[in-house]
Amino acid sequence: MNKKYAMAYIIDRCIDCKACMVSCKAEWNVPEDFFRTHIDQGLKKELHGKFRMDFLPSQCNHCDKAPCVTVCPTKASHNREDGIVYVDRSRCVGCKYCIPSCPYDARFYNHDLGVAEKCTFCLPRIADGLEPACATTCPGNVRVFGDINDPASEISMVLGAAKENKQKVWKLREDLGTLPNIYYIQK
Ligand code: SF4
Ligand code: SF4
Ligand code: SF4
């Protein structure tokens, strides 16, 4: 069976330190004013007048049915067999069609290179047997990356344990039919 790369965020562990954002930017020389991953904040009112702040990481969801792939006229944006949605820079003509097509706002235009850019799941690093930079740097081990087709992988075990413990597991905007591959886990 092919590998199927995915990431899970254990969001109760996120403290909004933004180490992931910085390490990703440094690793991939992401242009000023842009990031491949973000932390969003959400304030929730709970029972008895208490409030809770949730920190929600985000990056490209490596969607199985990715609108960015559908609209790309040169097939620069494509789904790889290992689940990664990749932009082949040699084929990108910088038309930017893909940028507004992404419902997750995961792409931006790299003016220095004249191409669309986004998270690659750190493909060159994982090809060398390393973890994605953001997962390595996170002090709270929020980000769990791996092959969900391998039952022995850490991500498979984390998702299995969440199910067993009846934790909330979801993906962003599943109603859109994009089949994203980033899982959110919360108590
Ligand atoms: S999150 Fe956006 S950029 Fe990433 S694969 Fe899905 S549609 Fe494309
Ligand atoms: S900017 Fe590049 S990746 Fe995006 S649609 Fe145009 S050719 Fe495809
Ligand atoms: S997987 Fe790599 S490219 Fe994607 S957000 Fe994390 S560090 Fe950045």
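So, a few notes on the structure that sits alongside this text. Keep in mind that this is a model prediction, so the values were computed, not measured.

### Observations concerning the site of ligand 1
For ligand 1, the set of nearby residues contains 13 residues, the closest of which are Cys60, Asn61, Cys63, Cys68 and Cys102. In the shell around ligand 1, the residues fall into nine nonpolar, two polar and two charged.

### A closer look at unusual backbone geometry
With a phi angle near 70°, lysine 96 is a residue other than glycine that sits in the positive phi range. The backbone of asparagine 141 shows a phi angle near 50°, a positive value even though the residue is not glycine. Looking at the element boundaries, asparagine 141 is found in the loop between α5 (133–137) and β8 (143–147).

### Here's the deal with the packing of aromatic side chains
Two numbers describe a pair of aromatic rings. These are the distance of the centres and the angle of the planes. Applying the stated criterion to the full structure yields five aromatic pairs. The interplanar angle of 15° and the centroid separation of 5.2 Å between the aromatic rings of tyrosine 5 and phenylalanine 145 together place this pair among those described as stacked. Separated by 140 residues along the polypeptide, tyrosine 5 in strand β1 (residues 5–10) and phenylalanine 145 in strand β8 bring together distant segments of the chain. Neither residue differs from the other here; tyrosine 5 and phenylalanine 145 are each classed as buried. Centre to centre, the rings of phenylalanine 34 and phenylalanine 108 are 4.7 Å apart; their planes meet at 10°, and the pair counts as stacked. Taken together, the positions of phenylalanine 34 in the loop between α1 (19–28) and β2 (37–45) and phenylalanine 108 in strand β6 (residues 108–110) put the pair 74 residues apart, joining distant regions of the chain.

### Observations concerning α1
Since the α-helix turns once every 3.6 residues, residues separated by three or four places project in the same direction. When we look at burial in α1, the residues that qualify are Ala19, Cys20, Met21, Ser23 and Cys24. Next to the buried residues of α1 lie β2, α5 and β8. Where α1 ends, the next residue or the one after it, asparagine 29, has phi of about 50°, a positive value.

### Overview of the sheet that holds strand β9 (residues 168–170)
Two modes of strand pairing occur in sheets, parallel and antiparallel, and in both the strands are linked by backbone hydrogen bonds. With mixed pairing, four strands are arranged side by side in an open sheet as β8-β1-β10-β9. Edge positions in the open sheet fall to β8 and β9, since each of these has one partner strand only. Looking at each pair of strands side by side, their axes are set apart by 20° on average, direction ignored. In this structure, β9 lies alongside strand β10 (residues 182–186), joined through three bridges in antiparallel fashion. In the sheet register, lysine 168 faces β10, and the bridge partner there is glutamine 186. Each of β1, β8, β9 and β10 is contacted by helix α6 (residues 154–164), which is oriented at about 115° to β8, the strand it contacts most.

### Notes on α6
Buried within α6 we find Ile155, Ser156, Val158, Leu159 and Ala162. For α6, the arc enclosing every buried residue in end-on projection is 165°, short of the 170-degree limit, so these residues lie on one face. Facing away from the buried side of α6, by more than 90 degrees, are the exposed residues Met157 and Glu164. Elements that come into contact with the buried residues of α6 comprise β1, β8, β9 and β10. Positive phi shows up at lysine 166, right after α6, with a value of about 55°.

Thresholds applied
- Residues numbered from 1 in each chain as written.
- Chains lettered and ligands numbered in written order.
- Predicted model: local features only at pLDDT ≥ 70, side-chain atom pairs only at ≥ 80, totals over all residues.
- Heavy atoms only, no water.
- Near = heavy atom within 4 Å.
- Nonpolar A, V, L, I, M, F, W, Y, C, P; charged D, E, K, R; others polar.
- Helix = DSSP H or I, 4+ residues; strand = E, 2+ residues; numbered from the N terminus.
- Phe/Tyr/Trp six-rings, centres within 6.5 Å; stacked < 30°, edge-to-face > 60°.
- Buried < 20%, exposed > 50% of the residue type's maximum accessible area, 1.4 Å probe, protein only.
- Contact = heavy atoms within 4.5 Å.
- Pairing = 2+ DSSP bridges.
- Axes fitted to C-alpha atoms, helices over the stretch in contact; angles between N-to-C directions.
- Arc of directions from axis to C-beta.

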